[in-house]
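Working through the structure, step by step
What follows is each chain in one-letter form.
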Amino acid sequence: MSVRSECRTESQPAPSKCLTRSVVDMLAKEPTLEAVSINPAEQKISVATLGQTDVLRLSSQLTERLQQAQAAGKEAHCALLEGTGDCGTCDAPLSPDELRRITIQHDGQTTTIARVTCPTAPKFWRWRDFPLPHLTPRTIEFEAPDEDYHPDEWKWQLAAAVLCGVSALAAVFFLPAQFKLLAFVVAYIAGGFYPAEEVWERLQKRVLDVHFLMIAVAAGAASIGAWAEGATLLFLFSLSGALEHYAMGRTQKEIRSLFREAPKTATAIDASGNELEVTVAGLRAGTRLLIKPGAQFPVDAEVTKGSTAADESNLTGEATPVEKNVGDSTLAGTINLWGAVEVLVTRPAAESALQKIIALIKDAQQQKAPAQQFTDKFGTIYTYIILGISFAMFFVWWLGFGLAPFTSAVESHSAFYRAMTLLVVASPCALVLSIPSAVLASIAWGASRGILFRGGAAVEKLAEVNVVALDKTGTLTTGELRVEKVESFPPGRENEIARLAYSLDRLSTHPLARAITRHGKQHRLEPLAFEKFESVTGQGLHARINGGEARLGRREWLAQGRHADVIARMAATEAGFSEVWVEADGLLGRIVLRDDIRPQAASIIEELRHEGLRSVVLTGDRKATAEHIKNELKLDDVRAELKPEQKVAAIRELTGQGKFVAMVGDGVNDAPSLAAAHIGVAMGARGSDAALEQADVVLMHDRLENFLAAFRLSQRARRIIRQNLVISLGTVVVLVTFAMLGKIPLPIGVVGHEGSTVVVVMNSLRLLFGKTSAK
């Protein structure tokens, strides 16, 4: 049944608007929107409409509101929405009038917020489902020592394998008969210690795998007196295990070497100007810090006093120091090179770009590729099947073919010996390692070069791409826009225009807004206070100030208003420049900005073409600027003046033509497109939170050429995975055939089985030491 609740403030920290408020605002704004259902468990949001409506625009606006709330650090859920009580997290609680107009219904994991309407109306509603965007801010802890990470463990395993091999060789070729058994026992203990340890861990979880099979075969060989064969098996198996751990350790080492040790304390400045030593983990947004020369910036912050340069190479890959003046942002983990500066913390350490990137890498290591998920399931089932077949073949050879059950003769091996041989050669050891070894090596190689794959699925999917859709600003251009000039119409009020633009844009995260905000802070402009503020998707910003209205945005949007005649008479800016128009009561002007094309963009587009990839630019910029970019870079296609929902529609159109689209972008407005594409690629550590959340690949060095490196790496990984599968499956087929015919002795079967495992691991390691130009 429907539940109506009061939204009140309690004595706890109050974030900004909760999800309930966002949905209620959408219901008030959109007359055709009747209800919104949210199911966090299924990551699904459903929208009910009545009458003619643009569903794509509606869903895009709702998604953008939720993502903007997350990007601003707002709480996504409230107790009222989740059905756990009253809402105590809203800065803007629902009014009694609003509560009378809506119902909030909880049904299991689903919460529905709907208009109060007549009982028959819901029968005519049309429901549509959409994926639920990431709503809650990611909680990230400082990186703690990993108890399972032992970088030198492979050395001990290698030493044990060598001891096993040496003892077995000594027993076979050098020691007298009375010492042979002792040497074989030493070989068994050395070679079987680490595999037995893993078998015990898995048995506690009631799981059987290839480690169990190998230990079982070695024990079986010893039981019939075939000590040499069992020792050979344990030697090769422990050797391949040491190489596997070396490969994984090398992967971990590459990832851990990416980041400098984060500082644990920082120098804070209190209201009286006193310096205090505080813990970084306790820093909150708004805290003033003093950063001395040579020290790290402990959190993401903004320079409020002084100037310096920062070494951002570990995050952006840019070796040249980046100048930092008042209004510029600084990134956690980067180095303050020469000037003492005061900064204002913009977000806690746990939400910094550095910590989010670390979290992305950790997530990537846990997320498996589709092919790996299949081999994992197949490997477990296959293990039980092989155990069953080997057990059955023992009786076939014994009772059917009349072979001795346990005692081998000179002319023929026993049934048990043949069953052990079959068990060894049919074990899926190489198959199980064929995909994860290649995927983890790819993730490590990419991470060490600023390419972050969000799991094995991203590595596989990128290789399938044949169309690359790119945003213009921050992708093909540098994204470091600068204000060229401020104009007012009539002239003389440029300072008022700059102040109004700064006041509006400081609440936005768009690249154009960041440039205008930086300009305002550098000129120490005082922001104006607004009574109401609203973001209009694809158009600009709208606010009320001193009882009047103010707007900032695209020329076409403002040209529909009261200053249409003046705007129509003004010539558009030259190609290569962007303009933002601003108006208020009695005030009209524009900010002209410049954003340079990346120097390497033309060569990269040419290389994309050489790789057989079609390049399409999707931009909200005007057609003249888009055509300028197309001619300069010789792009295959450019689509201009697109709103976020139109970008999504363009990607779906390409997908409908059978194309696999990679979308490359960096802003909040790119997030829906990144989610709609076959694979989303976010540009740079400075990219928006929403873009990072939706992206499958993050180019943290902010270099477009890294997309090519990622694409080529993905193709190489796919080829090596296929090679590994051919090697592992081919070896099993050949060896099993000979084993079923009784034509292969146990030592040869062991060498073939373990040899294929070693080859697969070493083949995957080629990815770790590859070059970007390799194909």
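None of these values were measured; they are calculated from a predicted model.

Re unusual backbone geometry
Here the bond from phenylalanine 489 into proline 490 is cis, since omega is 0°, no more than 30 degrees from zero. The topology assignment puts proline 490 in the loop between strand E18 (482-488) and helix H16 (494-505). Even without glycine at this site, lysine 634 takes up a positive phi of about 55°. Of note, lysine 634 is situated in the loop between helix H21 (623-633) and strand E25 (637-639). What makes lysine 634 exposed here is its relative accessible area of 57%.

So, the nonpolar core
Counting residues in hydrophobic clusters, the biggest one holds 48 residues, and the most contacted among them are Phe453, Leu476 and Phe707. Discounting chain neighbours no more than four positions away, the residues touching leucine 476 are Leu470, Asp471, Ile597, Arg598, Ala601, Ile605, Val617, Ile629, Leu633, Leu635 and Leu704. Formed by 44 residues, the second largest nonpolar core is a distinct cluster that contains Met214, Ala221, Trp397 and Val736.

Here's the deal with the sheet that holds strand E19 (residues 532-536)
Overall, antiparallel pairing links the six strands, which are arranged E18-E23-E22-E21-E20-E19 in an open sheet. Every other strand in the sheet has two partners, leaving E18 and E19 as the edge strands with one partner each. Pairs of neighbouring strands in the sheet enclose a mean axial angle of 15°, with direction left out of account. Judged from the six bridges that link them, strand E20 (residues 540-545) and strand E21 (residues 548-553) form a sheet pairing that is antiparallel. Counterpart to histidine 542 in the pairing with E21 is arginine 551. Against the sheet, H16 touches E18, E19, E20, E21, strand E22 (577-584) and strand E23 (587-594), its axis set at about 70° to E23.

Quick word on the packing of aromatic side chains
In total, this model carries twelve aromatic pairs according to the counting rule given. Ring geometry for phenylalanine 406 and phenylalanine 416: centres 5.5 Å apart, planes at 50°, overall tilted. Within this pair, whereas phenylalanine 406 is found in the loop between helix H11 (370-400) and helix H12 (415-426), its partner phenylalanine 416 is found in helix H12, the two being separated by ten residues in sequence. In this structure phenylalanine 406 comes out as partly exposed when scored by relative accessible area, which is 45%.

Some remarks on the packing of H12 against helix H26 (residues 746-768)
Here H12 crosses H26 at 10°, and the two axes come no closer than 9 Å. Between H12 and H26, the angle is such that the two are roughly parallel. Contact residues: Tyr417, Met420, Thr421, Val424 and Val425 in H12; Leu746, Pro747, Gly749, Val750 and His753 in H26. In the contact of H12 with H26, the residues fall into seven nonpolar, three polar and no charged.

Thoughts on a nonpolar patch on the surface
On the surface, Leu163, Leu169, Val172, Phe173, Phe174, Leu175, Phe179, Leu182 and Val186 cluster together into a nonpolar patch covering about 880 Å² of accessible area. At the level of elements, helix H5 (153-174) and helix H6 (177-204) are the ones that each hand at least two residues to the nonpolar patch. Along the chain, the position of valine 186 falls in helix H6.

A look at the packing of helix H20 (residues 601-610) against helix H25 (residues 705-740)
At a closest axis distance of 9 Å, the pairing of H20 and H25 adopts a crossing angle of 20°. If you check the angle between H20 and H25, you find them roughly parallel. In terms of crossing hand, the pair formed by H20 and H25 is left-handed. Contacts between H20 and H25 involve Ile604, Glu607 and Leu608 from the former and Glu705, Phe707, Leu708 and Arg712 from the latter. Considered class by class, the residues forming the contact of H20 with H25 number four nonpolar, no polar and three charged.

Some thoughts on the pattern of salt bridges
All chains considered together, the criterion is met by 23 salt bridges. A salt bridge links arginine 288 to glutamate 342; the nearest nitrogen and oxygen atoms lie 3.0 Å apart. Here arginine 288 is found in strand E9 (residues 288-291), whereas its partner glutamate 342 is found in strand E15 (residues 341-345), with 54 residues between them in sequence. For glutamate 342, a relative accessible area of 16% corresponds to the buried category. The partner of aspartate 471 in a salt bridge is lysine 647, and the shortest N-O contact between them spans 3.2 Å. With aspartate 471 in the loop between strand E17 (467-470) and helix H15 (472-476) and lysine 647 in helix H22 (residues 644-656), this residue pair connects regions lying 176 residues apart in the sequence.

Digging into the sheet that holds strand E11 (residues 308-311)
Sheet architecture is open: three strands sit in the order E12-E11-E14, paired in antiparallel fashion. Of all the strands in the sheet, the pair left with one neighbour each is strand E12 (322-324) and strand E14 (335-336). Strand direction decides the pairing type here: E11 and E14, joined by two bridges, are antiparallel. Directly across from alanine 310, in E14, lies its bridge partner asparagine 336.

A closer look at the confidence of the model for the protein
The predicted structure's coordinates, where accompanied by low pLDDT, should not be read in detail. The share of residues in the protein with pLDDT of 70 or more is 77%, and the mean pLDDT across the chain is 77. Across the protein, E17 holds the top mean pLDDT of 92, while strand E1 (residues 2-3) sits lowest at 35. Predicted confidence for residues 134-147 stays below pLDDT 50, and this span has 33 contacts to residues more than four positions away or in other chains.

So, the pairing of strand E24 (residues 614-618)
By the criterion of burial, E24 is predominantly enclosed, with four of the five residues buried. Of the pairings in the sheet, the one linking E17 to E24 comprises four bridges and is parallel in character. Bridged to valine 467 within E24 is arginine 614. With three bridges connecting them, E24 and E25 associate as parallel partners. Each residue of the ladder has a partner; that of valine 616, found in E25, is aspartate 637. Chirality of the crossover, the property in question, places the unit of E24, H21 and E25 among those that are right-handed.

Reading the values: rules and limits
Residues numbered from 1 in each chain as written. Predicted model: local features only at pLDDT ≥ 70, side-chain atom pairs only at ≥ 80, totals over all residues. Heavy atoms only, no water. Helix = DSSP H or I, 4+ residues; strand = E, 2+ residues; numbered from the N terminus. Buried < 20%, exposed > 50% of the residue type's maximum accessible area, 1.4 Å probe, protein only. Core = buried A, V, L, I, M, F, W, Y, C linked by side-chain atoms within 4.5 Å. Contact = heavy atoms within 4.5 Å. Pairing = 2+ DSSP bridges. Axes fitted to C-alpha atoms, helices over the stretch in contact; angles between N-to-C directions. Phe/Tyr/Trp six-rings, centres within 6.5 Å; stacked < 30°, edge-to-face > 60°. Parallel < 35°, antiparallel > 145°, perpendicular 65-115°, else oblique. Nonpolar A, V, L, I, M, F, W, Y, C, P; charged D, E, K, R; others polar. Patch = residues over 30% accessible without salt bridge, like charges linked within 9 Å, V, L, I, M, F, W, Y side chains within 5 Å. Areas by Shrake-Rupley, 256 points an atom, 1.4 Å probe, with all protein chains shown as cover. Salt bridge = Lys/Arg side-chain N within 4 Å of Asp/Glu carboxyl O. Left-handed = near helix turned anticlockwise from the far one by under 90°. pLDDT = per-residue confidence, 0-100. Right-handed = clockwise from strand over helix to strand, strands pointing away.

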